[in-house]
Amino acid sequence: MARAPDGPVPVVVMGLGFIGQEIARAALSSPEVELMGAVDSQPSLVGRPLGDVLGLAGPRFKVSDSLEKAVGRRKGVVVLHATSSRLAQVMDQLLDALKLGLPVASTCEELAFPHLKYPELAEKLERAAEKAGVAIVGTGVNPGFVLDRLVATAGQVCGPVRKVTASRVVDARTRREALQRKVGAGLTEEEFFDLVDREELGHVGLVESAALAAVGLGLDCDDFEEEVTPVFAEEDITGGAFVVKKGRVAGMFQSVVGLEEGQERVRLELTIAVGADNPRDRIEIDADPKLVLEIPGGVAGDRATANALVNAAPRLTAAEAGLLTVLELPSGR
């Protein structure tokens, strides 16, 4: 086990989209890390002071176009990575960071449990991380916490688990316009399913959360079934970035069922829709004793994801080298 850091851990944010900027702000407010660099490939951002990008008085260091430039000769730097949900699209970025000997905490949803869909890529990352002597993990609010890590933690006070059902309901009006579009708000039913078929609509990472929850609860799921369906507006819905007309898609309902020899052991349900009723996070564990947890309003997605990455940075410096899941991160803050 590596030694825990004595002071603030230096971090570099890679990717300055909406979430990346949230991560940078979270890092600036954290006593556990020191934000000392930022990286993005957009020509409109490269060379600009990060404070200007964030709309803040500081910091004044400039956005770099490569990790190597951003890190310089600084030792012990952790990369807070936020560029894409798809593992194949970020593999080169992750491998470049590992080759530089840098631990990585990433928002890439498919990195949360890559062994499920991409065992060969997972093995490649495992070898690269072990060779570099550093750790890499995919984390966030979902996957990374609500529907997997929190589920597994709750299960620690239960006897053998028969089944877990966990759900997350998000009123998309409280989130940015890009997310409202991402879940199909305003589309027709035909347009919705066309984007689903093209894998351009829906939440990436729900099946990874189901696999993590199963592992954390000691359940041996051998198959996972996923479904995405539209939620329709029963009346005109206002209050979001745009009006959703009655009869149009207001958002999506997505579910994953984890099966063990045909028997349902894990069920995760995610509703993200403009005007969704009773936003909440809810976990029900069928065991002895039975356990039900509910968070009224739910965990705030964007800010929680940013905090999850920032809080992971010191944990990574004290973790065993290799490709980790959030279940393997050292505990504590």
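Residues numbered from 1 in each chain as written. Predicted model: local features only at pLDDT ≥ 70, side-chain atom pairs only at ≥ 80, totals over all residues. Heavy atoms only, no water.

Participant: What am I meant to see in the overall build of the protein here?
Facilitator: Looking only at helices and strands, the protein has 10 helices and 12 strands in total. Here the C-alpha radius of gyration of the protein, 20 Å, is about what a compact globule of 333 residues would show, namely 20 Å. Principal axes of the C-alpha set define a box for the protein whose edges measure 55 × 45 × 35 Å. Taking all 333 residues of the protein together, the buried fraction comes to 53%. For the protein, the share of sequence-separated contacts (at least 6 apart) that also reach a separation of at least 24 residues comes to 72%. Put simply, the protein shows about 15,200 Å² of open surface, and 47% of that area lies on carbon and sulfur atoms. Side-chain charges in the protein split into 36 positive and 49 negative, and the spacing between the mean points of these groups amounts to 8 Å. (Helix = DSSP H or I, 4+ residues; strand = E, 2+ residues; numbered from the N terminus. Rg over C-alpha atoms; globule rule 2.2 N^0.38 Å. Buried < 20%, exposed > 50% of the residue type's maximum accessible area, 1.4 Å probe, protein only. Contact = heavy atoms within 4.5 Å. Areas by Shrake-Rupley, 256 points an atom, 1.4 Å probe, with all protein chains shown as cover. Lys, Arg positive; Asp, Glu negative; His and termini not counted. Charge placed at Lys NZ, Arg CZ, Asp CG, Glu CD.)

Participant: Quick question: what am I supposed to make of the pattern of salt bridges here?
Facilitator: Close approach of charged atoms lets side chains of opposite charge pair. For the structure shown, the criterion picks out 26 salt bridges. In this structure, the salt-bridge partner of R168 is D281, at a minimum N-O distance of 2.9 Å. Separated by 113 residues along the polypeptide, R168 in strand β6 (residues 163-171) and D281 in strand β10 (residues 280-286) bring together distant segments of the chain. There is no split in this pair, since R168 and D281 are both buried. With its nearest N and O atoms 3.0 Å apart, the salt bridge here joins E284 to R282. The class of R282 is partly exposed, set by a relative accessible area of 27%. In this structure, a network of salt bridges that share partners links the residues K163, E264, R267 and E269. (Salt bridge = Lys/Arg side-chain N within 4 Å of Asp/Glu carboxyl O.)

Participant: Mind showing me how you'd approach the sheet that holds strand β12 (residues 322-324) here?
Facilitator: Strands pair in a sheet through their backbones, by hydrogen bonds, and they do so in one of two ways: parallel or antiparallel. Overall, parallel pairing links the six strands, which are arranged β2-β1-β3-β4-β5-β12 in an open sheet. A strand with exactly one partner marks an edge of an open sheet, and here the two such strands are β2 (33-39) and β12. If you compare each strand with its neighbour and ignore which way they point, the axes differ by 20 degrees on average. Here strand β3 (residues 78-81) pairs with strand β4 (residues 104-106) via three bridges, running parallel. (Pairing = 2+ DSSP bridges. Axes fitted to C-alpha atoms, helices over the stretch in contact; angles between N-to-C directions.)

Participant: Hey, could you run me through the environment of S29 in this one?
Facilitator: Considering the arrangement of structural elements, one finds S29 in helix α1 (residues 18-29). For S29, a relative accessible area of 60% puts it in the exposed group. As a C-alpha pair, S29 and V310 span 281 residues in sequence and 9.9 Å in three-dimensional space. Of the polar contacts made by the side chain of S29, one reaches the backbone oxygen of A26; its length is 3.0 Å. (Polar contact = N/O pair within 3.5 Å; in protein donor to acceptor, adjacent residues only side chain to side chain.)

Participant: Teacher, can you tell me more about the nonpolar core here?
Facilitator: Within soluble globular proteins, side chains that are nonpolar tend to cluster in buried spots. The biggest cluster of nonpolar side chains holds 84 residues, and the ones touching the most others in it are V11, I23 and L80. If sequence neighbours within four positions are ignored, I23 has contacts with V13, L80, A82, T107, A306, L309 and V310. (Core = buried A, V, L, I, M, F, W, Y, C linked by side-chain atoms within 4.5 Å.)

Participant: How should I be thinking about the environment of G138 in this particular structure?
Facilitator: Examined against the element boundaries, G138 turns out to sit in strand β5 (residues 135-138). Taking the C-alpha atoms as reference, G138 lies 17 Å from A214; in sequence the two are 76 residues apart. Setting aside its immediate chain neighbours within four residues, G138 contacts S106, C108, L111, A112, L324 and V326.

Participant: Got a minute to help me understand the side chain of T107 in this structure?
Facilitator: Within the secondary structure layout, T107 lies in the loop between β4 and α5 (119-132). Once you skip the residues sitting within four places of it in the chain, T107 turns out to touch I19, I23, H81, A82, T83, T139, T305 and L309.

Participant: I would appreciate a short explanation of the packing of aromatic side chains in the present structure.
Facilitator: The description of two aromatic rings rests on the distance between their centres and on the angle between their planes. Here the structure, examined in full by the defined rule, presents one aromatic pair. Plain terms: the ring middles of F192 and F193 are 5.4 Å apart, the flat faces sit at 85 degrees to each other, and that makes the pair edge-to-face. For F193, a relative accessible area of 30% translates into the label partly exposed. Its guanidinium or amino end placed over the ring of F242, R181 lies 3.8 Å from that ring's centre, counting from NZ or CZ. (Phe/Tyr/Trp six-rings, centres within 6.5 Å; stacked < 30°, edge-to-face > 60°. Lys NZ or Arg CZ within 6 Å of the ring centre and 35° of its normal.)

Participant: For this particular structure, what's the right way to read unusual backbone geometry?
Facilitator: Excluding glycine, residues mostly have negative phi values, and the peptide bonds linking residues are mostly trans. The omega torsion of the bond from N142 to P143 falls at 5 degrees, within 30 degrees of zero and hence cis. Checked against the element boundaries, P143 lands in the loop between β5 and α6 (149-154). The omega torsion across D288 and P289 is 0 degrees, close enough to zero to call that bond cis. Although it is not a glycine, E261 adopts a positive phi angle of roughly 50 degrees. Relative to the assigned elements, E261 resides in the loop between β8 (249-260) and β9 (263-273). For E261, a relative accessible area of 75% puts it in the exposed group. Here the phi dihedral of N278 falls at roughly 50 degrees; this positive angle occurs in a residue that is not glycine. Secondary-structure assignment places N278 in the loop between β9 and β10. Judged by relative accessible area, which is 49%, N278 ranks as partly exposed.

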